[in-house]
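Tertiary structure, described
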Amino acid sequence: MARVVGAGLISALASAALGVDCAYADGPFNFSPFASPPPPPQASSDSPAPAVAAQPGAAAKAEPPRVFDIIKKQEETRQIEFTSKGAEFKAMQAQAETERQKVIYEEQKKLSQQQAQIKSQMARYEDELARKRMQAENEHHRARNQELVKMQEESSIRQEQARRATEEQIQAQRRQTEREKANIERETIRVKAMAEAEGRAHEAKLGEEVNRRMLVERANAEREKWLAAINTTFDHIGGGLRAILTDQNKMVVAVGGVTALAAGIYTTREGARVIWSYVDRILGQPSLIRESSRGKYPWSGLFSRGMSTLSSKTSKASASNNGNGFGDVILNPSLQKRIQQLASATANTKSHQAPFRNMLFYGPPGTGKTMAARELARKSGLDYALMTGGDVAPLGPQAVTKIHQLFDWGKKSKRGLLLFIDEADAFLCERNKTYMSEAQRSALNALLFRTGDQSKDIVLALATNRPGDLDSAVADRIDEVLEFPLPGEDERFKLLKLYLDKYIAKAGARKPGLFSHLFKKQQQKIEIKDLTDDILREAAARTEGFSGREIAKTMASVQAAVYGSENCVLDPILFREVVDYKGAEHQQRRKMAANDE
């Protein structure tokens, strides 16, 4: 807009300078300030002549001064207008300059703002590029550090593996050296023993020659003496036979006496056999019972009670030594507490003449089910009898009779009987099994018949590794179900200490007896060297998954290894070697069992 106004002003000035007439709509006059004065108006032929024309002499005198004044006034007016126009032009020019400066300022301001904006955008872009570059460098450094850490970890792992391999190789070489040393020592001992035996055999051979000659002479003398006695006896017998043969009455009496003697001996033997079988069937222990705290016959009750009292004292002593109320049975604390509660409840049940509660023990083999049942019977004051389910199937049709005899025999116990059936699933499985024989089904029905009601004489305790295979009717007879899990680390540590004391520390100790030292050779005692509780706890951690029976076998293997050594000393190296071997054997058995499944 300012440019248009400036252009208009410049064109106006140019037209004024060139003398071009311009018409201004806003001015009172229509002439150029720089133009010459207009010519005087001429009278038209049509217009009437002025009034003064009638007086020519007066008009010629008065007209010149008035025209001059008018022209002067017009000139002054033009000058004034020109001055005012110049002032307006200068004002317009100043305003145009101001507008131009303002436009220049606005343009410079916009330009500076654009430049500042461009600079800020460039700065932000450079900052973003720098941040991205730093981030990329950081990511690169982080990835490189991770690779370095990974490489260091792999290097440390390889070094650790190499160290372990070296240690294992050193240990293997050391064990191999020790085994070779032991083999050399055993071979030396064997050769030495053979040499000593050969020397003793040579001496014995020399003495045997002398003794043989003496024995031959003595035998000849004895033979001659016996021949003389035999000849004398046969002479007497021959004389008697001749007397009997020559006398008919003596002959008849002799034949009758011999016949009567033979008949009496045969009759007595067969009668005694029949009577004994009857007594054994009526009073004896049933054939299904493999182990019992009761005597086989009623008259052996006094002896059995004495032995049970002695065994109870021994078990109490071992319990006090081990700090365990269950003697040699090491169980989970919660399970042991539950069995103690059952023992107390069973004892109170017997004293109040209330019916007993039947029990089911299930769990992996070797977890102490039989031992727990024996201790439960001992603590509750009951008699104890053990049978296995595998003994029922071979009886065939006689199984039903044997089952009834077993329960009849159990009812005769004055203290009550805990009947423990091990491997109960062998003949108490589901009756719908196709491979179950008719005799087994009949035996199962007989046991279900005898256990249909709650008994006040017999506590039935079943043990199985497969509780799901039991018949539903058998499961209905069960009142208490106890699970025997594999021993934990604390239980394995206690078992290791128990069997270490039983198989190692007390190995070779002579049992108390009056003549035991006369008939049994004194065994060599085992020396335990540097075998601390920490080593036993380490062994307990390595024997994870072992049952109580496997731990007992492990300690028996340790005993055999000690007896196989030269000096009969148990040290940590030999102990760890046997434990590692048994652990590898346990893992191999588990793999074989998994492959069979």
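Notes on the structure in this doc start here. (Residues numbered from 1 in each chain as written. Predicted model: local features only at pLDDT ≥ 70, side-chain atom pairs only at ≥ 80, totals over all residues. Heavy atoms only, no water.)

**Observations concerning the overall build of the protein chain**
- Helix and strand content of the protein chain: 14 helices and eight strands.
- In the protein chain, 77% of the contacts between residues at least 6 apart in sequence involve partners at least 24 apart.
- Surface summary for the protein chain: the accessible area is close to 41200 Å², and the carbon and sulfur share equals 57%. (Helix = DSSP H or I, 4+ residues; strand = E, 2+ residues; numbered from the N terminus. Contact = heavy atoms within 4.5 Å. Areas by Shrake-Rupley, 256 points an atom, 1.4 Å probe, with all protein chains shown as cover.)

**Let's talk about the sheet that holds strand β3 (residues 383–388)**
- Strands sit in the order β1-β3-β4-β5-β2-β6 across an open sheet of six strands; the sheet is mixed. Either end of the sheet is taken by a strand with one partner, and the two such strands are β1 (291–292) and β6 (480–483).
- Inspection of the sheet shows β1 paired to β3 by two bridges, in the antiparallel sense. Bridging from a neighbouring strand, Glu291 pairs with Leu386 of β3. (Pairing = 2+ DSSP bridges.)

**A word on the nonpolar core**
- Formed by 31 residues in total, the largest nonpolar core has its most connected members in Leu419, Ile421, Leu428, Leu447 and Leu462.
- Those elements that provide at least two residues to this core are β3, α7 (399–411), β4 (417–422), α8 (438–450), β5 (458–464) and α9 (472–476). (Core = buried A, V, L, I, M, F, W, Y, C linked by side-chain atoms within 4.5 Å. Buried < 20%, exposed > 50% of the residue type's maximum accessible area, 1.4 Å probe, protein only.)

**Quick notes on the packing of helix α10 (residues 489–505) against helix α13 (residues 548–564)**
- Where α10 meets α13, the closest approach of the two axes is 9 Å, and the angle between their N-to-C directions is 40 degrees. On the basis of their axis angle, the class for α10 and α13 is oblique. Note on packing geometry: the crossing formed by α10 with α13 is right-handed. Of the residues in α13, those in contact with Arg492, Leu495, Leu496, Tyr499, Leu500, Tyr503 and Ile504 of α10 are Gly548, Ile551, Ala552, Met555, Ala556, Val558 and Gln559.
- The class makeup of the residues in the contact of α10 with α13 is eleven nonpolar, two polar and one charged. (Axes fitted to C-alpha atoms, helices over the stretch in contact; angles between N-to-C directions. Parallel < 35°, antiparallel > 145°, perpendicular 65-115°, else oblique. Left-handed = near helix turned anticlockwise from the far one by under 90°. Nonpolar A, V, L, I, M, F, W, Y, C, P; charged D, E, K, R; others polar.)

**Side note on the pattern of salt bridges**
- Taken as a whole, this structure holds 26 salt bridges when the rule is applied.
- One salt bridge in this structure joins Arg163 and Glu167, with 2.4 Å as the shortest N-O distance. Highlighted residues: Arg163 and Glu167, both in helix α2 (residues 56–246), separated by four residues, approximately one helical turn.
- Owing to a relative accessible area of 39%, Glu167 belongs among the partly exposed residues under this scheme. (Salt bridge = Lys/Arg side-chain N within 4 Å of Asp/Glu carboxyl O.)

**A few points about the side chain of Thr464**
- Here Thr464 shows up in strand β5.
- Classification of Thr464 by relative accessible area gives buried; the value is 1%.
- For Thr464, the side chain forms a polar contact with the side chain of Asp425, separated by 3.0 Å.
- When residues no more than four places from it in sequence are discounted, the contact partners of Thr464 are Leu360, Phe361, Tyr362, Gly363, Lys369, Asp425 and Leu470. (Polar contact = N/O pair within 3.5 Å; in protein donor to acceptor, adjacent residues only side chain to side chain.)

**Side note on the pairing of β6**
- Residues of β6 alternate between two faces, with Glu480 and Leu482 buried on one and Val481 and Glu483 left unburied on the opposite face.
- Sheet topology places strand β2 (residues 359–362) next to β6; four bridges connect them, and they run parallel. Residue pairing for β6: Tyr362 is matched across the bridge by Glu483.

**Quick look at α8**
- Spanning 13 residues, α8 covers 18 Å between terminal C-alpha atoms, matching the ideal 18 Å at 1.5 Å per step.
- The set of residues buried in α8 consists of Gln440, Ala443, Leu444, Ala446, Leu447, Leu448 and Arg450.
- Lining the buried residues of α8 we find α7, β4, β5 and α9. (Expected span 1.5 Å × (residues − 1).)

**Notes on the packing of aromatic side chains**
- Using the criterion set out here, one finds three aromatic pairs in the structure.
- Taking the centre distance of 5.1 Å and the plane angle of 55 degrees together, the rings of Phe361 and Phe484 count as tilted. Taken as a pair, Phe361 in strand β2 and Phe484 in the loop between β6 and α10 lie far apart in primary sequence, 123 residues in all.
- Given a relative accessible area of 1%, Phe484 falls into the buried group.
- An aromatic cluster is present here, built from Phe361, Phe420 and Phe484 joined pairwise through their rings.
- We note Arg537 situated over the ring of Phe493; from NZ or CZ to the ring centre the distance is 4.0 Å. (Phe/Tyr/Trp six-rings, centres within 6.5 Å; stacked < 30°, edge-to-face > 60°. Lys NZ or Arg CZ within 6 Å of the ring centre and 35° of its normal.)

**Description of the pairing of β2**
- Sheet topology note: the β2/β5 ladder contains four bridges and is parallel. Residue Phe361 lies in a different strand from β5, and its bridge partner there is Ala463.

**Focus on a nonpolar patch on the surface**
- Taken together, the side chains of Trp226, Ile230, Phe234, Ile237, Leu241, Leu245, Met251 and Val255 make up a nonpolar region of the molecular surface, amounting to roughly 830 Å² of accessible area.
- Sorting the residues of the nonpolar patch by element identifies α2 and α3 (248–283) as the ones contributing at least two each.
- If one sorts the elements of the nonpolar patch by residue count, α2 sits on top with six residues. (Patch = residues over 30% accessible without salt bridge, like charges linked within 9 Å, V, L, I, M, F, W, Y side chains within 5 Å.)

**Here's the deal with unusual backbone geometry**
- The residue Gln353 is not glycine, and still its phi comes out positive at about 55 degrees.
- Here Gln353 shows up in the loop between α5 (333–351) and β2.
- Despite not being glycine, Cys568 shows a phi value in the positive range, around 60 degrees.

**A look at α5**
- Under the 1.5 Å per step criterion, the end-to-end length of α5 is 27 Å for 19 residues, consistent within 8% with the ideal 27 Å.
- Within α5 the residues assigned to the buried category are Leu335, Gln336, Ile339, Leu342, Ala343, Thr346, Thr349 and Lys350. Along the axis of α5, the buried residues cluster in a sector spanning 140 degrees; they form a single face. Structural note: α5 exposes Pro333, Ser334, Lys337 and Ser351 on the side pointing more than 90 degrees away from its buried face.
- Considering only its buried residues, α5 is in contact with β2, α6 (369–380), β5 and β6.
- Of the residues flanking the end of α5, it is Gln353, one or two places downstream, whose phi is positive at about 55 degrees. (Arc of directions from axis to C-beta.)

**Thoughts on the environment of Pro394**
- Following the sequence through the fold, Pro394 ends up in the loop between β3 and α7.
- Given a relative accessible area of 68%, Pro394 falls into the exposed group.
- Along the backbone, Pro394 and Ala439 are 45 residues apart, and their C-alpha atoms lie at a distance of 9.4 Å.

**Some words on the packing of α5 against α6**
- Running from N to C, α5 and α6 cross one another at 40 degrees; their axes reach a closest spacing of 8 Å. Relative to α6, the element α5 lies oblique. As α5 runs across α6, the sense of the crossing is right-handed. Judged by residue contacts, Ile339, Leu342, Ala343, Thr346 and Ala347 of α5 engage Ala372, Leu376, Lys379 and Ser380 from α6.

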